[in-house]
Amino acid sequence: DIQMTQSPSFVSASVGDRVTITCRASQDINTWLAWFQQKPGKAPKLLIYSAFILQSGVPSRFSGSGSGTDFSLTINSLQPEDFATYYCQQTDSFPHTLGQGTRLEI
Amino acid sequence: EVQLLESGGGLVQPGGSLRLSCAVSGFTSSNHAFSWVRQAPGKGLEWVATFFHGDNADSRYAESVKGRFTVSRDDSKNTLFLQMNSLRAEDTAVYYCARTIVRFFGDYWGQGTLVTVSS
């Protein structure tokens with residue numbers, strides 16, 4: 001199975017900051033990677049797919065990059081509604097493993 | 001409007017069975033693969049299974065549920081199912097169904113249904 005490792009597990013930031021979350025795959029996954037945002041009690045929300053494609057309706061302050069084994073999600077100019085938990089998921093091969101999550105707090 | 005609505009969760013004893021449903025609307029379900037993802041209380045997301053679309057009625061499962069869980073779909077009723085047998089305490093979680101696009105990226109998700117396995 002492909003292991004997905006996110007870092008950091010927890011990040012504290014302020015409104016207006018720029019934050020970068022990284023995700024490392026244990027083997028090459030090309031660009032078959034998605035980023036999700038989840039708020040307490042809510043379903044995950046797709047932000048980025050295929051490593052860098054912004055999902056429709058997602059603000060442009062979110063961006064993704066990377067290929068192979070190393071990926072990142074960057075949020076520019078943090079807004080109050082961005083404080084949530086973020087997950088990466090690989091869909092290169094089954095099982096479609098997810099990272100352990102990164103909690104972004106004020 | 002694309003919507004997915006899970007149902008069928010509840011309290012079940014260890015060893016018991018439960019069938020979850022995911023009713024979809026606002027799109028043609030037969031054009032998409034679907035995935036089930038779960039989240040144990042206070043934990044992260046865990047991929048459970050994916051059911052392919054079209055004539056390829058194939059599916060894939062996480063090792064933790066293989067042989068116990070079965071996914072199926074009734075496109076005529078726009079409904080997906082997750083049959084869960086031999087349930088264990090560690091299966092306790094909120095279960096989400098998700099429509100997938102491109103290469104199994106979940107773009108729309110249901111609100112989730114809670115399954116509690118306890119005596």
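Here the structure is a predicted model, which means the values were calculated and not measured.

(A) Structural detail: the sheet that holds strand 10 (residues 102-105) of chain A. Residue and element names in this part refer to chain A. Judged by pairing direction, the sheet is mixed, and its six strands sit side by side in the order 2-10-9-4-5-6 without closing on themselves. Pairing within the sheet leaves two strands with one partner each, and these edge strands are strand 2 (10-12) and strand 6 (53-54). Both strand 4 (residues 33-38) and strand 5 (residues 45-49) contribute to a ladder of three bridges, which runs antiparallel. Along strand 5, the bridge assignment pairs glutamine 37 with lysine 45.

(B) Quick peek at the nonpolar core. Among the nonpolar cores identified, the biggest contains 41 residues, and Trp36, Phe69, Leu82, Met84 and Tyr95 of chain B are the most heavily contacted of them. Of the residues forming this core, the biggest block, six residues, is contributed by strand 9 (residues 93-101) of chain B. Counting residues in each nonpolar core, the second largest holds 25 residues, with Ile21, Ala51, Leu78 and Ala84 of chain A among its members.

(C) Expanded view of the side chain of aspartate 107 of chain B. Relative to the helices and strands, aspartate 107 of chain B resides in strand 10 (residues 105-109). By relative accessible area, which is 10% here, aspartate 107 of chain B ends up buried. Polar side-chain contacts of aspartate 107 of chain B include one of 2.5 Å to the side chain of arginine 99 of chain B. Other than its neighbours up to four places away in sequence, aspartate 107 of chain B contacts Leu46 and Gln55 of chain A together with Arg99, Thr100 and Ile101 of chain B.

(D) Focus on the interface of chain A and chain B. Counting from both sides, the interface comprises 20 residues of chain A and, opposite them, 19 residues of chain B. Approximately 1700 Å² of surface area, both sides summed, lies buried where chain A meets chain B, with 68% of it carried by carbon and sulfur atoms. Summed over the three residues of chain A that lose the most area to chain B, namely Pro44, Phe94 and Leu98 of chain A, the buried surface amounts to 28% of that side. Scanning the region where chain A abuts chain B turns up zero salt bridges. Our count for the contact surface shared by chain A and chain B stands at six residue pairs in polar contact (both at pLDDT 80 or more). For the side of chain A that touches chain B, the secondary structure elements donating two or more residues are strand 4, strand 5 and strand 9 (85-90) of chain A. For the side of chain A that touches chain B, the leading source of residues is strand 4 of chain A, giving four residues. Taken together, the residues that form the side of chain A that touches chain B break down as 12 nonpolar, six polar and two charged.

(E) Fine view of the pattern of salt bridges. All names here are of chain B. Taken as a whole and judged by the stated rule, the model has 11 salt bridges over all chains. A salt bridge links aspartate 107 to arginine 99; its shortest N-O distance comes to 2.5 Å. A relative accessible area of 9% means that arginine 99 is categorised as buried. A single salt-bridge network, built from bridges that share partners, covers Arg38, Glu46, Arg68 and Asp91.

What counts as what
For every chain, the first residue of its written sequence is number 1, and the numbers climb from 1 along that sequence. Chain letters start at A and ligand numbers start at 1, both assigned in the order the entries are written. Given that the model is predicted, a residue must reach a pLDDT of at least 70 before its local features are reported, and side-chain atom pairs must reach 80 or more before they are shown or counted; all residues, however, enter totals for whole chains, interfaces and linings. For side-chain calculations, the full set of non-hydrogen atoms in the structure is used, while hydrogens and water are omitted. Strands are labelled as partners when DSSP assigns at least two bridges between them. The numbering of helices and of strands both runs from the N terminus, where a helix is a DSSP run of H or I of at least 4 residues and a strand a run of E of at least 2. Throughout this description, the term nonpolar core refers to a set of buried Ala, Val, Leu, Ile, Met, Phe, Trp, Tyr and Cys residues connected via side-chain atoms within 4.5 Å. We call a residue buried when its accessible area falls under 20% of the maximum for its residue type, exposed when it is over 50%, and partly exposed in between, using a 1.4 Å probe and counting protein chains only. For this analysis, a polar contact is any N or O atom pair within 3.5 Å, provided that within protein one partner can donate a hydrogen and the other can accept it, and provided that sequence-adjacent residues contribute only side-chain to side-chain pairs. By definition in these notes, contact holds between two residues if any of their heavy atoms fall within 4.5 Å. Once two parts are joined, some of their accessible surface, as seen by a 1.4 Å probe, is lost; buried area is that loss totalled over both. We define a salt bridge as a contact between a side-chain nitrogen of Lys or Arg and a carboxyl oxygen of Asp or Glu at a distance within 4 Å. Side-chain classes are defined by residue name, with Ala, Val, Leu, Ile, Met, Phe, Trp, Tyr, Cys and Pro counting as nonpolar, Asp, Glu, Lys and Arg as charged, and the others, Gly among them, as polar.

Just distances and angles here, no functional claims.
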